[in-house]
Amino acid sequence: MKFKNIIYIIILLFITLIGMWAIPALVNKATYNSDQYPFAYYSTILKDIGLIDYKNKKFPMEDLKGNEYNTAQFDSLMPMLNYRQLMTDGKLPDSINGQKITPQLLRSKSVVYKYKPSDINTPVNGLYILLETMPKRVGLEIPNDVFRLKNNIEFIDAQTNTLEVEKSRLFQQALDKEGFQYPAQWLIGNPNPRKPYDEGYFVLDANNQLFHMKMVNNRPYIKNTKIGEKIQASYFSMLEVADKRFYGFLFSKQGELFIIENDGANYKKVKLDIDPIDMQKDEVILMGNIFDWTVSVVTPFAKKIYALDAETLKRIGEHTIDRTPGRWDAVSKWTFPVYLTLEKSETSYIQPYFHYIGIYGFAVNLIIAFLTVLFITGSPKRKIFNGIYIFLTGIAGLVALLILPNSKNK
């Protein structure tokens, strides 16, 4: 009889877990609306942040003072954002802020970047492609080998699956000569050949030193950037920009955001003047031009907008838009104090995730548990068990108890 009770509990817990996943998922699908924030961009002409709603055909732009602007005014006040439209209309100014303007210059100074938590929470296979940075013919080409770098570096012929001994030895010697310490913590690059040039990879070694590794004329180029001596690097995102000003974006373990500038033979870090971010929860959307950069940080609670001077990356404007709770927030707050999902937007991994909303839902659980004890028949022992179980597991537990046949031994 004791064995029968154990089986009952196991089945009850199994059905409850399914309910903690399936019931909130159905409710979420019926009530969820994604957070709606206006698109934000700094106006070089207004010297202020503009909020843009492309669905509003009559007045697509509004400044922070509440002034609205029609389409023609929007194009003129945001020349860095709308320069293609201004070119088409023959209205692109010759100069802005005393700087001569050409379409080629605007394109070369354009920066677009997005970071999301799933960028750092995604599986990797440990095999990488190293492009030739100075190809003999125009355009980058995919090589015939791949490499792996952990406790040493090895290049492997992709067709024969054999080790390329000489190439591996050359890169191993170059890494050792530069003082690289194994094992490598991570290496990040952009192996896509559809780009104007290649800068290889940035690698963090066991001593938190950040190295730059690429291949030039089939020879290894390895250099310690010395940046690891100044900050604790957490993540790097390669971005080969058109004007070759910088290599990409570096995140510190404190959530600070930097660019690594191409300063000749040296590597210079420049901090973006924004508040530290939570890399596990926040998204970063950056759009830059020759005069200024607009950085939007979307947190679980708000959208923070920063305007930075393009040269110094110092803050010249900021604005915060608080998140407006939706129907799912209201429903889940009172209905599902704890629920289960098999995936999260912050990660590419599929596994069970428990979400704790707050204590409000337990008040509803208490009411349901009280009504269950009051109206459902059974032994006192059975009623006490049902009440406690429903208080802890909520609607999912109630459904599980209704599905399972009554156990007289409970």
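Presented here is an overview of the structure given in this document. Every chain is numbered on its own, with residues counted from 1 as its sequence reads. Given that this is a predicted model, residues contribute local features only at a pLDDT of at least 70 and side-chain atom pairs are listed and counted only at 80 or more, while totals for whole chains, interfaces and linings are drawn from all residues. Note: side-chain values were computed over all heavy atoms of the structure, leaving out hydrogens and water.

1. Description of the pattern of salt bridges
Link 1 in the chain: Here, a salt bridge means any Lys or Arg side-chain nitrogen found within 4 Å of an Asp or Glu carboxyl oxygen. In the structure shown here, the tally under the stated rule is 15 salt bridges.
Link 2 in the chain: Where Arg-323 meets Asp-35, a salt bridge forms, and the shortest distance between an N and an O atom there is 2.9 Å. Pair noted here: Arg-323 is in the loop between β21 (315-322) and α6 (327-335) and Asp-35 is in the loop between α1 (2-31) and β1 (39-43), with a separation of 288 residues, a long-range link.
Link 3 in the chain: Under the scheme applied here, a residue whose accessible area is under 20% of the maximum for its type counts as buried, over 50% as exposed, and between as partly exposed, the area being computed with a 1.4 Å probe on protein chains only. A residue is classified by how much of its surface remains accessible, and Arg-323, at 21% relative accessible area, is partly exposed.
Link 4 in the chain: The residue Arg-323 makes a salt bridge to Asp-329 at a minimum N-O spacing of 3.0 Å.
Link 5 in the chain: Asp-329 sits in the partly exposed class, given a relative accessible area of 25%. In this text, helices come from DSSP runs of H or I with a minimum length of four residues, and strands from runs of E with a minimum of two, each type numbered from the N-terminal end.

2. Side note on the sheet that holds strand β16 (residues 257-263)
Link 1 in the chain: Read from one edge of the open sheet, four strands run β14-β15-β16-β17, paired in antiparallel fashion. At either end of the open sheet lies a strand with only one pairing partner, and these are β14 (233-238) and β17 (266-271). Here the average twist between neighbouring strands, direction ignored, is 30 degrees. Here, strands pair whenever DSSP counts at least two bridges between them. To obtain each axis, a line is fitted to C-alpha atoms, and for helices this fit is confined to the stretch in contact; angles are then taken between N-to-C directions over 0 to 180 degrees.

3. Re the packing of helix α7 (residues 360-375) against helix α8 (residues 380-403)
Link 1 in the chain: Look at α7 against α8: their axes get within 8 Å of each other, and the N-to-C directions meet at 135 degrees. With respect to α8, the element α7 is oriented oblique. The two elements α7 and α8 cross, and the hand of that crossing is right-handed. Where α7 abuts α8, its residues Phe-362, Asn-365, Leu-366, Ile-368, Ala-369, Thr-372 and Val-373 lie against Lys-383, Asn-386, Gly-387, Ile-390, Phe-391, Leu-392, Thr-393, Gly-394, Ile-395 and Leu-398.
Link 2 in the chain: Polar here means any residue outside two lists: the nonpolar Ala, Val, Leu, Ile, Met, Phe, Trp, Tyr, Cys and Pro, and the charged Asp, Glu, Lys and Arg; Gly therefore counts as polar. Per-class residue counts for the contact of α7 with α8 are ten nonpolar, six polar and one charged. Any angle that is under 35 degrees is reported as roughly parallel, and any over 145 degrees as roughly antiparallel; angles of 65 to 115 degrees are reported as roughly perpendicular and all others as oblique. Note on convention: the crossing is left-handed when the near helix lies turned anticlockwise from the far helix by less than a right angle, right-handed when the turn is clockwise. Contact criterion: two residues are considered in contact whenever any of their non-hydrogen atoms come within 4.5 Å of each other.

4. What about unusual backbone geometry?
Link 1 in the chain: Looking along the chain, the bond that leaves Tyr-182 and enters Pro-183 is cis, with omega of 0 degrees.
Link 2 in the chain: Tracing the sequence through the fold places Pro-183 in the loop between α5 (165-178) and β10 (186-189).
Link 3 in the chain: Even without being a glycine, Asn-217 presents a positive backbone phi close to 55 degrees.

5. Some points on the packing of α1 against α6
Link 1 in the chain: Direction vectors running N to C along α1 and α6 enclose 150 degrees, while the axes themselves pass 9 Å from each other. As judged from the angle between their axes, α1 and α6 are roughly antiparallel. In this structure, the crossing between α1 and α6 has a hand that is right-handed. Every residue of α6 that contacts α1 at Pro-24, Val-27, Asn-28, Ala-30 and Thr-31 is listed here: Arg-327, Trp-328 and Val-331.
Link 2 in the chain: A per-class count over the contact of α1 with α6 returns five nonpolar, two polar and one charged.

6. Comments concerning α5
Link 1 in the chain: In this model α5 runs 20 Å from its N-terminal to its C-terminal C-alpha over 14 residues, within 8% of the 20 Å that 1.5 Å per residue would give.
Link 2 in the chain: All of the buried residues in α5 are Lys-167, Ser-168, Leu-170, Phe-171, Gln-172, Ala-174 and Leu-175.
Link 3 in the chain: Residues of α5 that are buried make contact with β8 (145-149), β9 (153-157), β12 (210-216) and β13 (219-224). Here the expected span of a helix is defined as 1.5 Å times the quantity of residues minus one.

7. Quick notes on the sheet that holds β10
Link 1 in the chain: The strand order across the open sheet formed by four strands is β10-β11-β12-β13, and the pairing between neighbours is antiparallel. The open sheet has two edge strands with one neighbour each: β10 and β13. If you compare each strand with its neighbour and ignore which way they point, the axes differ by 25 degrees on average.
Link 2 in the chain: In the sheet, β12 pairs with β13 via six bridges, with the strands oriented antiparallel. Within β13, the residue paired with His-212 across the bridge is Lys-223.
Link 3 in the chain: Against the sheet, α5 engages β12 and β13, with an angle of about 20 degrees to β13.

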